[in-house]
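So the chains spell out like this:
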Amino acid sequence: MKKVFLVISVVVLLLIAAITVTTFAYARTSDYESSVLPDKTMINGVDCSGLTYREAASRISQEWNQRTLVVFGVLNEELTDFTDFGCTYDIENEIRKIKDNYMVFAAANRYFGLPVSVRIPMIVENYSDEFRERVFAADFLNHPNATESRDAYVDISDPDFPIVKEKYGTEADKEKFFKDLLTHIQIGDLKMIYDERSYYTMPKVTAESKELLDYQKFCRDYLGQKITYQLGSETFTLTSQQLQELMKEGYSGEADEEKVAAYVASLAEKYDNVGAKRSFTTLYGKSITVNGGLYGWTIDQEKEAAQLTADINSHKDVSRPPVYSFEGYGEYSRDVGNTYIDVDISTQKVRFYKDGGLIFSCDTVTGNRTTGTLTPTGTYYVINKARNVVLRGDNVDGTTYESPVKYWLGINWTGIGFHDADWRSSFGGSIWITNGSHGCINIPPSRMGELYNKAEINMPVVVHY
């Protein structure tokens, strides 16, 4: 027995020595240094004899993509199959390592003509969008009655901010399936079992999530605040969602000044209306459109942003109008309301309405159409009131004029306004066409005092044709 064991040991030692010598000799050959694979080399079942590493990578990739991966259900029924994978593979470096990793086999191939057969992982480097879309469109991944999973969330529309529990659905997680399919392609396992229960989309947030509970506490601490803007009939209250969007990240409840400033800018864009285009029907039934002028409301964005920031940080309910840099007459309105002075250039009439009732009406003479000193149209307001002033200016011919008047109601900053004109013997009609004013609105002296006494600073004045 000892003799047999000794013989076997000697044979093994000789064999090891022969392999070592052969391998060592092979490592010194040009074949080992060459970038060409030996004859009879099979990689992943693909004949790569005599190919360069790059050529072998290309051939293996091409043939691998033409294989067929079959998907079976849990009852071993065939659901579908995929071929033309359209993938690219990062395998050239693995092929370069074959002579090192399988040097004994490579040496045996060189000296004894033995075949070399190896397997390498088919690492997917990229895949085509077409292949991904084809997989995603598979019928078994798109059941018409599948339901979608839903994360748990805080219902911020409810003043108690309850947590709505997560919902588990039956919709397939296509991304997860596609990732698993690529894994099968990489390892060469071309039979895949699909158990739909393993691929249901799962909620990422549950009702017991600490982060969700922390968020609920934040909502209850800070988002129940009511900040109400009063803009005449357009009063509105910030929603909990809007309030949250105006706060800093995290759960501090502090206002984010940049976000507040941006929000106030959006308010101004929506509600500022000085000189805005206004289309409406006058209180005497005429449909008009006026554009431009000085009348309206303008939000003071800097001061309003500071006030809103302070309101948010107070965590107390607030109800107020915006901070304005300029305000019209009475409550905020997009139109002129039912108290205003109406100047109808076409009919040369001035009408004054107070709370919807006509309290003054007379003929007038407006700017001279022939000379081009027309009365500007638009929506203005009574800027100032003055008694016994002298109007000065330039005539069209270059001369100057000085006209004393008893009453003055200015409507813009370029010297246009209402005043008495005792140098005129008649008003109304077509006088304005050839003998109109320098742009002012001339009122009969017998009526101007009445208009002056009824008018108030900031009252709107609508000038139109």
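In the nomenclature of an unreviewed UniProt entry, the protein chain is known as L,D-transpeptidase/peptidoglycan binding protein of Candidatus Allocopromorpha excrementigallinarum. Checking UniProt for the protein chain, the heading Pathway (unreviewed entry) contains the comment "Cell wall biogenesis; peptidoglycan biosynthesis."

Participant: Account for the nonpolar core, with residues named and values stated.
Facilitator: Nonpolar side chains tend to gather and get buried jointly when the protein is soluble and globular. Grouped together as the largest cluster of nonpolar side chains are 43 residues, with contacts concentrated most on Leu 308 and Ile 312. The set of elements that each furnish at least two residues to this core consists of helix H9 (210-222), strand S11 (227-229), helix H11 (257-271), strand S14 (287-290) and helix H12 (301-314). Of all the elements, H11 adds the most residues to this core, at six residues. Those residues within four positions of Ile 312 in sequence are excluded, and the remaining contacts are Gln 225, Ile 227, Leu 243, Leu 246, Met 247, Gly 253, Ala 255 and Val 260. Tyr 53, Ala 57, Ile 60 and Leu 181 belong to the second largest nonpolar core, which has 39 residues in total.

Participant: Which residues make up the side chain of Asn 273, and what values go with them?
Facilitator: Mapped onto the elements, Asn 273 comes out in the loop between H11 and strand S13 (278-281). Under the relative-accessibility criterion, Asn 273 is labelled buried at 5%. A distance of 2.9 Å separates the side chain of Asn 273 from the backbone oxygen of Ser 333, its partner in a polar contact. Apart from the residues lying within four places of it in its own chain, the contact partners of Asn 273 are Arg 278, Tyr 295, Gly 296, Trp 297, Tyr 332, Ser 333 and Arg 334.

Participant: Which residues make up the sheet that holds strand S6 (residues 116-118), and what values do they have?
Facilitator: Sheets are built from strands paired through backbone hydrogen bonds, the pairs being either parallel or antiparallel. Within the open sheet, the three strands sit side by side as S2-S1-S6. Their pairing is mixed. At either end of the open sheet lies a strand with only one pairing partner, and these are strand S2 (46-47) and S6. Where strand S1 (residues 41-43) and S6 come together, three bridges link them in parallel fashion. Within the sheet, the bridge partner assigned to Ile 43 lies in S6 and is Val 118.

Participant: Outline unusual backbone geometry, listing residues and values.
Facilitator: Phi at Phe 161 is positive, roughly 50°, even though this residue is not glycine. Notably, His 315 is not glycine yet its phi reads approximately 60°, a positive angle. Take His 315: it is sitting in the loop between H12 and strand S16 (318-320).

Participant: Which residues make up a nonpolar patch on the surface, and what values do they have?
Facilitator: A surface patch of nonpolar side chains, about 330 Å² in accessible area, is lined by Val 74, Leu 75 and Ile 193. Among the secondary structure elements, Leu 75 is positioned in the loop between strand S3 (69-73) and strand S4 (78-82). On the basis of relative accessibility, which here comes to 72%, the residue Leu 75 falls in the exposed class.

Participant: Report on the UniProt feature "domain: L,D-TPase catalytic" (unreviewed entry) in the protein chain, specifying residues and quantitative values.
Facilitator: Here the UniProt-annotated "domain: L,D-TPase catalytic" (unreviewed entry) positions come out as residues 339-464. With 12% helix and 44% strand, the stretch residues 339-464 has end C-alpha atoms that lie 16 Å from each other.

Participant: Could you give an account of helix H8 (residues 174-187), with specific residues and numbers?
Facilitator: The end-to-end C-alpha distance of H8, which contains 14 residues, comes to 20 Å, matching closely the 20 Å that a straight helix rising 1.5 Å per residue would cover. Where H8 is concerned, the buried positions are Phe 177, Phe 178, Leu 181, Leu 182, His 184 and Ile 185. Projected onto a plane normal to the axis of H8, the buried residues spread over an arc of 155° and lie on a single side. Facing away from the buried side of H8 by more than 90 degrees, the exposed set consists of Lys 179 and Ile 187. Looking one or two residues past H8, Gly 188 carries a phi angle of roughly 80°, positive in sign.

About the cut-offs
Residues numbered from 1 in each chain as written. Predicted model: local features only at pLDDT ≥ 70, side-chain atom pairs only at ≥ 80, totals over all residues. Heavy atoms only, no water. UniProt positions renumbered as here; feature names shortened; annotations may be inferred. Core = buried A, V, L, I, M, F, W, Y, C linked by side-chain atoms within 4.5 Å. Buried < 20%, exposed > 50% of the residue type's maximum accessible area, 1.4 Å probe, protein only. Helix = DSSP H or I, 4+ residues; strand = E, 2+ residues; numbered from the N terminus. Contact = heavy atoms within 4.5 Å. Polar contact = N/O pair within 3.5 Å; in protein donor to acceptor, adjacent residues only side chain to side chain. Pairing = 2+ DSSP bridges. Patch = residues over 30% accessible without salt bridge, like charges linked within 9 Å, V, L, I, M, F, W, Y side chains within 5 Å. Areas by Shrake-Rupley, 256 points an atom, 1.4 Å probe, with all protein chains shown as cover. Salt bridge = Lys/Arg side-chain N within 4 Å of Asp/Glu carboxyl O. Expected span 1.5 Å × (residues − 1). Arc of directions from axis to C-beta.

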